[in-house]
Amino acid sequence: MNVGLFIPCYVDQFYPGVAIATLQLLEKFGCRVTYPPGQTCCGQPMANSGYEHLSDSCSTLFVKNFSSFDYIVCPSGSCTLHIKDHLNDDASAANAGNIRKRIYELSEFMTDILKVEKLSACFPFKVGLHQSCHGQRGLYISQMSELVAEPFSKPGRLLQMVDGLELVSLGRSDECCGFGGTFCVAEEAVSVKMGKDRVDDHLKNKVEVITGADMSCLMHMEGILKRQKSTVRVMHIAEILTQW
Amino acid sequence: MVNHVSLSETFNKDEERVNWHDETLWWVRQKRDKAVWQIPEWEELRDMASQIKMNALSNLHDYLLQFEKNALANGMVVHWAADADEHNDIVYDILAKNKVERIVKSKSMLTEECHLNHFLAKKGIDVIDTDLGERIVQLAEEAPSHIVLPCIHKKKEEIGELFHRFLNTPEGNADPQFLTAAARIHLREKFMTRRVAITGVNFAIAETGEFVICTNEGNADMGAHLSDIHIACMGIEKLIPQREHLSVFLRLLARSATGQPVTTYSSHFVRPLPGQELHIVLVDNGRTRQLGRPDFRNSLKCIRCGACMNTCPVYRRSGGHSYHNAIAGPIGAILAPNLDMKEYADLPFASTLCGSCSNVCPVKIDIHQQLYKWRQVLTKEGHTPAAKTAAMKVMAGTLSRPAVYRFAGKAGRWFMRNIPWLTNNRFNPWYKQRDMPAPPKESFGDWYRKNKR
Amino acid sequence: MSRESILAAIKQNQPESEGLPDAKGFVPICYDNPAQKFSEVLTGIGGKIVSIESTGEIIDYLNMHFTEADRFATVLDGIPGLEKLILPEDARALDGIEVAVIAAGFGVAENGAVWVTEKEMHHRVLPFICQHLAVILDPATILSNMHEAYSKIGQDNYGFAAFIAGPSKTADIEQSLVLGAHGPKTMTIFLLSEK
Ligand code: SF4
């Protein structure tokens, strides 16, 4: 199958390793992957700040870049959700609608479309999984603790397939880390406090690595860990699943 | 400027207190979880509640007329108030006509919204709030910080001190049991001596013309049943079609609010006591305007359980007063801009849009989606800072031009220049308590061009 | 007058009518032994269950567990050892009651509530103003859930009625639960199964 790789702008610029790992994973499971070079951003930074109307040109660009694929895959739940919920392009409404239906976050794509049951990865560490809100409550890649419903977690299940990996359970399984786009600077005090509390939960449970399906949340927590001079690392889930 | 940012920054100066506030409310959220897992049909119940409320809102005109007719037949006096001022005037007129200067009041978020206490105080009326938490904040001359737990921001030592000052309890005694007992004696005297009781309303039923008040303390009942005049104040959105629908709402309300299976008292008021006057004040105050906004009318389904506050990771760490509105938290943030866009333009931004609120909401209000939509409205109406607009325009301009984006130089640099929250300078709040990743040698785009094409 | 303007605005702004939910297929929780569930739940919210076989046992229980026997009161006929209350002109005079004994129409297992209408209270304030509340309940009347409860209530034409679930309580001070806020400090349910 033809997969268009959508790499969010901040991953492109700061975490190329995450993008490379995503590409390797998809190829390993038999996808023909293309990275359309003209891509930039999904437009979420503007839209979540109240400037959805400024994100139109990003949307047009997105549609142009990603119309020709069977699937579009992205290593970020938040950017995926934004496209799913808000991608519109007056000039090619049908294409935009198609993309909204065919875009997947990496772990849900591996679970639902590639139907991955086995991995040959090995990562002998204690790992804490951060459930990023947009992936979880928006894309439903994990069950939400608020609902009276059967628990499941797509990224969690993938991590369980990794040899040696010990998935640690946390005090609060799915509390927000406080990144929230512009929230992280506009509401600095609360944002940092939320991040510190999330990090503390992982530290209290003695994790060695914090992982997740959204690099933005991880970047925020990494910023806090670094400032605290902690030795705990953050890694995107794709980087762990490619430890083969 | 006083806004959510500055108020929560102040709140966060005392980290120990933030931890305590957060944990206390998280504990309530956990009690809620435990209670709702007792009910296998919980999610279906939420659906039903949401649909019943939608039916009520979409037929509100007829239901209000039906309610009025039945309430009149039951012997109630029905008043209509277009806004807070008219509501306050109606209440005052009843008091003035009966020459009453001292009254008791049980919990009503509507009267908070209308600033009734303040208004009556200026008219020389002495109002005693009888809900323990509300009495505490009243003594402290503060506003409630939570719609269900009004003094959740106060430590027991502070309450002990207040009671020592106002109720003559021994200095230094901060035992909740002891303080509650003192308040019981203090307030019982008020119930016994005051002739007028104001209460809120949790649900009003069109079919029967009755209304229901839910409390744990029994203060609404003590006030109402001992009064010569009972004035019940309600927003028009409190209406539900039929009595049997109470089964759905009473199952949801207390479990969502505090994790109790039901409030201690669910009192159904149909007719006044012999010789008693029973007034009901139906208040609009912006509700019809909200009803006319398709994106936001769902907010009128709210049954004021407070669950969205208890679960909100921002509310727990910023405190109820940081919302500078009678109703705090996520629901307050979508209700307040309807009352005054300029004054409350900050509130829809006081959220990470994590969505937990919408998931706990017993009537399934799409709270976080409304926060997102309010942001768009407020921006379009010009209620966001000019500097932010300018920065967003620059960002949008570059992000839609791949060439500019790609050739901006070394990886990370473009980013540091253009994404407002990562701009690399010492004025950027990101760096106050966080580090940034070091920019890598090359971006993924560069790597891909070298290795894959 | 605002009435007309409010109604006109609503008429203009309310969305197209949406129907009520279809309750078909909705199966609320039912308990095999509602009385047992009721007892568990009520105990959990601070109430007390006392199983009795005749109303004659009530006074003995009260004498054993409460003081101020001269201020026990009931509105029921024929409770041995308890005199029937003559309602005072001014309900405030009920303030001195130590224990009030009333009957309830039925109980609800899922939440430990009992349904009491004005008829059973005699005066509305009685179950709130007393220091301790005792309620006689026939365990055979205990329903599983609130849906059953409201079908049973139907269109009953009470002037006032309440679900009462346990003693009055508050947790307003630092979330510490205190029983006995403004209303009764305890609630005792006499489950009366007559032999
Ligand atoms: S919005 Fe929903 S969760 Fe929040 S107070 Fe209202 S009913 Fe409760």
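Residues numbered from 1 in each chain as written. Chains lettered and ligands numbered in written order. Predicted model: local features only at pLDDT ≥ 70, side-chain atom pairs only at ≥ 80, totals over all residues. Heavy atoms only, no water.

## Points about the overall build of chain C
So, step 1. Looking only at helices and strands, one finds six helices and ten strands in chain C.
So, step 2. For chain C, the spread of C-alpha atoms along the principal axes amounts to about 65 × 45 × 40 Å.
So, step 3. The proportion of buried residues among the 195 residues of chain C is 57%.
So, step 4. Look at the contacts in chain C between residues 6 or more apart in sequence, and 73% of them connect residues 24 or more apart. (Helix = DSSP H or I, 4+ residues; strand = E, 2+ residues; numbered from the N terminus. Buried < 20%, exposed > 50% of the residue type's maximum accessible area, 1.4 Å probe, protein only. Contact = heavy atoms within 4.5 Å.)

## Here we look at helix α2 (residues 16–28) of chain A
Quick reminder: α-helices carry 3.6 residues per turn. Residues three or four places apart thus point the same way.
So, step 1. Here α2(A) contains 13 residues, and its C-alpha end-to-end distance of 18 Å stays within 8% of the 18 Å for a straight helix at 1.5 Å per residue.
So, step 2. For α2(A), the full list of buried residues reads A:Pro16, A:Val18, A:Ala19, A:Ile20, A:Ala21, A:Thr22, A:Leu23, A:Leu25 and A:Leu26. (Expected span 1.5 Å × (residues − 1).)

## Some points on the sheet that holds strand β4 (residues 103–105) of chain A
Whether parallel or antiparallel, the strands of a sheet pair through hydrogen bonds between backbone atoms.
All names here are of chain A.
So, step 1. An order of β2-β1-β3-β4 is seen for the four strands of this open sheet, with the pairing classed as parallel. If you trace the sheet from one side to the other, it starts and ends with β2 (32–34) and β4, each paired once. With direction set aside, neighbouring strand axes in the sheet form an average angle of 35 degrees.
So, step 2. Summarising the sheet, strand β1 (residues 2–5) and β2 pair through three bridges and their orientation is parallel. When the bridges of β2 are listed, asparagine 2 appears paired with arginine 32. (Pairing = 2+ DSSP bridges. Axes fitted to C-alpha atoms, helices over the stretch in contact; angles between N-to-C directions.)

## What about the site of the ligand?
So, step 1. Close to the ligand lie 13 residues, the nearest being B:Cys302, B:Cys305, B:Gly306, B:Cys308 and B:Cys361.
So, step 2. Of the residues contributing to the shell around the ligand, the split by class is eleven nonpolar, one polar and one charged. (Near = heavy atom within 4 Å. Nonpolar A, V, L, I, M, F, W, Y, C, P; charged D, E, K, R; others polar.)

## Side note on the sheet that holds strand β7 (residues 209–212) of chain A
Residues and elements named next belong to chain A.
So, step 1. The sheet built from four strands is open, its strands ordered β6-β5-β7-β8 with parallel pairing. Because the sheet does not close on itself, it has two edges, and the strands there are β6 (166–168) and β8 (233–236). Pairwise comparison of adjacent strand axes, ignoring direction, gives a mean angle of 35 degrees for this sheet.
So, step 2. Bridge count between strand β5 (residues 126–130) and β6: three bridges; the pairing is parallel. Note on β6: the bridge partner recorded for lysine 126 is glutamate 166.

## Notes on the nonpolar core
So, step 1. In this structure, B:Phe203, B:Phe211, B:Ile280, C:Val114 and C:Phe163 are the most contacted members of the largest nonpolar core, which totals 154 residues.
So, step 2. Ignoring anything within four residues of it in the chain, the contact list for B:Phe211 reads B:Met76, B:Val201, B:Phe203, B:Ala204, B:His230, B:Ala232, B:Ser267, B:His268, B:Phe269, B:Leu278 and B:Ile280. (Core = buried A, V, L, I, M, F, W, Y, C linked by side-chain atoms within 4.5 Å.)

## As for the domain arrangement of chain A
Residues and elements named next belong to chain A.
So, step 1. Considered domain by domain, chain A is made up of domain 1 (2–113) and domain 2 (126–241).
So, step 2. The straight-line distance from the C-alpha centre of domain 1 to that of domain 2 is 22 Å.
So, step 3. Tallying the contact residues gives 25 residues for domain 1 and 20 residues for domain 2.
So, step 4. Summed over both partners, the interface of domain 1 with domain 2 comes to about 1900 Å²; 67% of that surface belongs to carbon and sulfur atoms.
So, step 5. There are one salt bridge connecting domain 1 and domain 2.
So, step 6. The residue lysine 154 makes a salt bridge to aspartate 112 at a minimum N-O spacing of 2.7 Å.
So, step 7. Within the residue set of the side of domain 1 that touches domain 2, elements represented by two or more residues are α1 (9–14), α2, α3 (44–51), α5 (77–86) and α7 (106–113).
So, step 8. In terms of residues, the side of domain 1 that touches domain 2 owes the most to one element, α7, which gives six residues.
So, step 9. Split by residue class, the side of domain 1 that touches domain 2 holds ten nonpolar, eleven polar and four charged. (Domains from an automatic or database assignment. Buried area = accessible area lost by both parts, 1.4 Å probe. Salt bridge = Lys/Arg side-chain N within 4 Å of Asp/Glu carboxyl O.)

## Comments concerning the interface of chain B and chain C
So, step 1. Each side of the interface is counted separately: chain B has 98 residues, and chain C has 74 residues.
So, step 2. At the boundary of chain B with chain C, total buried surface from both sides reaches about 7000 Å², with 59% on carbon and sulfur atoms.
So, step 3. Ionic pairing is found between B:Arg188 and C:Asp95, a salt bridge with its closest N-O pair at 2.8 Å.
So, step 4. Put simply, chain B and chain C have 45 residue pairs in polar contact (both at pLDDT 80 or more) between them.
So, step 5. Residue classes in the side of chain B that touches chain C are distributed as 44 nonpolar, 28 polar and 26 charged.
So, step 6. Pairing geometry for strand β9 (residues 265–269) of chain B and strand β7 (residues 160–164) of chain C, over five bridges, is antiparallel. The residue of β7(C) that forms the bridge with B:Phe269 is C:Phe160. (Polar contact = N/O pair within 3.5 Å; in protein donor to acceptor, adjacent residues only side chain to side chain.)

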